[in-house]
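Take a look at the letters that make up each chain.
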Amino acid sequence: MDFSSYNLDAAIADAARNAFGAAVAENPDHKFFGFALTTLAEVQYIECSVNSDRNFEEILPKEIPYSRTMTELQQKLYYKWYPNEWGKFEYFGQEDRDFFAPVNSLLQCVEADATAALGWEESFDARRTYVFDMMIAALKALDDSGCFGSGRVRRDRLAFADIYDDPAASELRARSVREINEGHVPPALITEFLGLEPQ
């Protein structure tokens, strides 16, 4: 099935530009370093989350290490780079502004049309691949337009896509962080991000 007519990447970019822009503008005392688009296994929604220096201090457990299976550094990286731990900045704006309402309505249309044409299970993998690709394409377009800053500011920031509670998460995170950020940030920052990912 050809999904190109939905222009999902443009819709995601518009929503994310507004959400990311609002987060930065409304928190001028924060130094933001993480910009994520997230979804769930059935790709029925997309939301955005952000992380900053001050937010990181707030969400980091006061007693580290708290885990017997992760080192102190691994635990800090987990809270730094996993959006599901980003506290008040996870799903930024969802409750009061819902920046992604048009995107999620479009995703419902994509699912309904694909199910009608091919069946839900038969279209599932292709639909997921399309959504993943469009999340990355949207973030790349935002980067090209300067949404994540330039120069020294951009060098300290990572944008990426993630999927919660799904075996595909590691692959999507690794692919997106490389495709979007390589050439814009020091390689060591990407290496840090990938520190918890199976290689």
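Because the structure is a prediction, the values reported are computed rather than measured. (Residues numbered from 1 in each chain as written. Predicted model: local features only at pLDDT ≥ 70, side-chain atom pairs only at ≥ 80, totals over all residues. Heavy atoms only, no water.)

> What am I meant to see in the overall build of the protein here?
Broken down by element type, the protein carries 8 helices and 3 strands. Principal-axis analysis of the C-alpha atoms gives the protein an extent of 50 × 35 × 35 Å. When each of the 199 residues of the protein is scored for burial, the buried share is 49%. Distance between charge centres in the protein, computed from 19 positive and 34 negative side chains, equals 9 Å. (Helix = DSSP H or I, 4+ residues; strand = E, 2+ residues; numbered from the N terminus. Buried < 20%, exposed > 50% of the residue type's maximum accessible area, 1.4 Å probe, protein only. Lys, Arg positive; Asp, Glu negative; His and termini not counted. Charge placed at Lys NZ, Arg CZ, Asp CG, Glu CD.)

> Looking at this structure, how should I read unusual backbone geometry?
Most peptide bonds take the trans configuration, and most residues that are not glycine carry a negative phi. Even without glycine at this site, V43 takes up a positive phi of about 45 degrees. Summarising the element assignment, V43 is placed in the loop between β1 (32–39) and β2 (47–52).

> In this structure, what is going on with the nonpolar core? I would like to understand it.
The nonpolar side chains of a soluble globular protein tend to be buried, and buried together. L8, I12, F20, L37, I46 and F100 are the most contacted members of the largest nonpolar core, which totals 44 residues. Of all the secondary-structure elements, those providing two or more residues to this core are α1 (8–26), β1, β2, α4 (101–118), α5 (120–144), β3 (158–163) and α7 (169–181). Listed in part, the 20 residues of the second largest apolar core include Y78, Y79, L189 and I190. (Core = buried A, V, L, I, M, F, W, Y, C linked by side-chain atoms within 4.5 Å.)

> Sorry if this is basic, but what is going on with the side chain of N51 here?
One can find N51 in strand β2. In terms of polar contacts, N51 uses its side chain to reach the backbone carbonyl oxygen of Y79, at 3.4 Å. (Polar contact = N/O pair within 3.5 Å; in protein donor to acceptor, adjacent residues only side chain to side chain.)

> Looking at this structure, I do not really get the pairing of β3. What am I missing?
Consecutive residues of a regular strand have side chains that alternate between opposite faces of the sheet. For β3, a buried count of 6 out of 6 residues is recorded, marking the element as mostly surrounded by other parts of the structure. Of the strand pairs in this sheet, β1 and β3 are connected by 6 bridges, and their pairing is parallel. Across the sheet, residue T39 finds its bridge partner in β3, namely I163. (Pairing = 2+ DSSP bridges.)

> Where do I start with the pattern of salt bridges in this structure?
Close approach of charged atoms lets side chains of opposite charge pair. Using the criterion set out here, one finds 12 salt bridges in the structure. The closest approach of N and O atoms between R54 and D29, which form a salt bridge, is 2.8 Å. Of this pair, R54 sits in helix α2 (residues 53–59) while D29 sits in the loop between α1 and β1, and the two are 25 residues apart along the sequence. According to the relative accessible area criterion, R54 is partly exposed, its value standing at 41%. Through salt bridges with shared partners, a single ionic network connects E26, D96 and R97. (Salt bridge = Lys/Arg side-chain N within 4 Å of Asp/Glu carboxyl O.)

> Which parts of the structure should I look at to understand the packing of α4 against α5?
Describing two packed helices takes the angle between their axes plus the distance from one axis to the other. Running from amino to carboxyl end, α4 crosses α5 at an angle of 140 degrees, the nearest separation of the two axes being 8 Å. When the interaxial angle is binned, α4 and α5 end up oblique. Crossing of α4 against α5: the hand is right-handed. Here L107, V110, E111, A114, T115 and L118 of α4 come into contact with α5, specifically with W120, E122, S123, R127 and V131. A per-class count over the contact of α4 with α5 returns 6 nonpolar, 2 polar and 3 charged. (Axes fitted to C-alpha atoms, helices over the stretch in contact; angles between N-to-C directions. Parallel < 35°, antiparallel > 145°, perpendicular 65-115°, else oblique. Left-handed = near helix turned anticlockwise from the far one by under 90°. Contact = heavy atoms within 4.5 Å. Nonpolar A, V, L, I, M, F, W, Y, C, P; charged D, E, K, R; others polar.)

> For this particular structure, what's the right way to read the sheet that holds β1?
Backbone hydrogen bonds hold the strands of a sheet together, and the pairing may be parallel or antiparallel. Reading across from one edge, β2-β1-β3 is the order of the 3 strands in this open sheet, with mixed pairing throughout. Single-partner strands in this sheet number two, and they are β2 and β3. Across the sheet, the axes of successive neighbouring strands diverge by a mean angle of 25 degrees, strand direction being ignored. Sheet analysis places β1 next to β2, joined by 6 bridges and oriented antiparallel. The residue bridging F32 from the neighbouring strand is S52, located in β2. Each of β1 and β2 is contacted by α1, which is oriented at about 145 degrees to β1, the strand it contacts most.

> Would you mind showing me how to read the environment of G149 here?
Secondary-structure assignment places G149 in the loop between α5 and α6 (151–155). Relative accessible area serves as the criterion here: at 23%, G149 is assigned to the partly exposed category. Those residues in contact with G149, other than ones at most four positions away along the chain, are R154 and R157.

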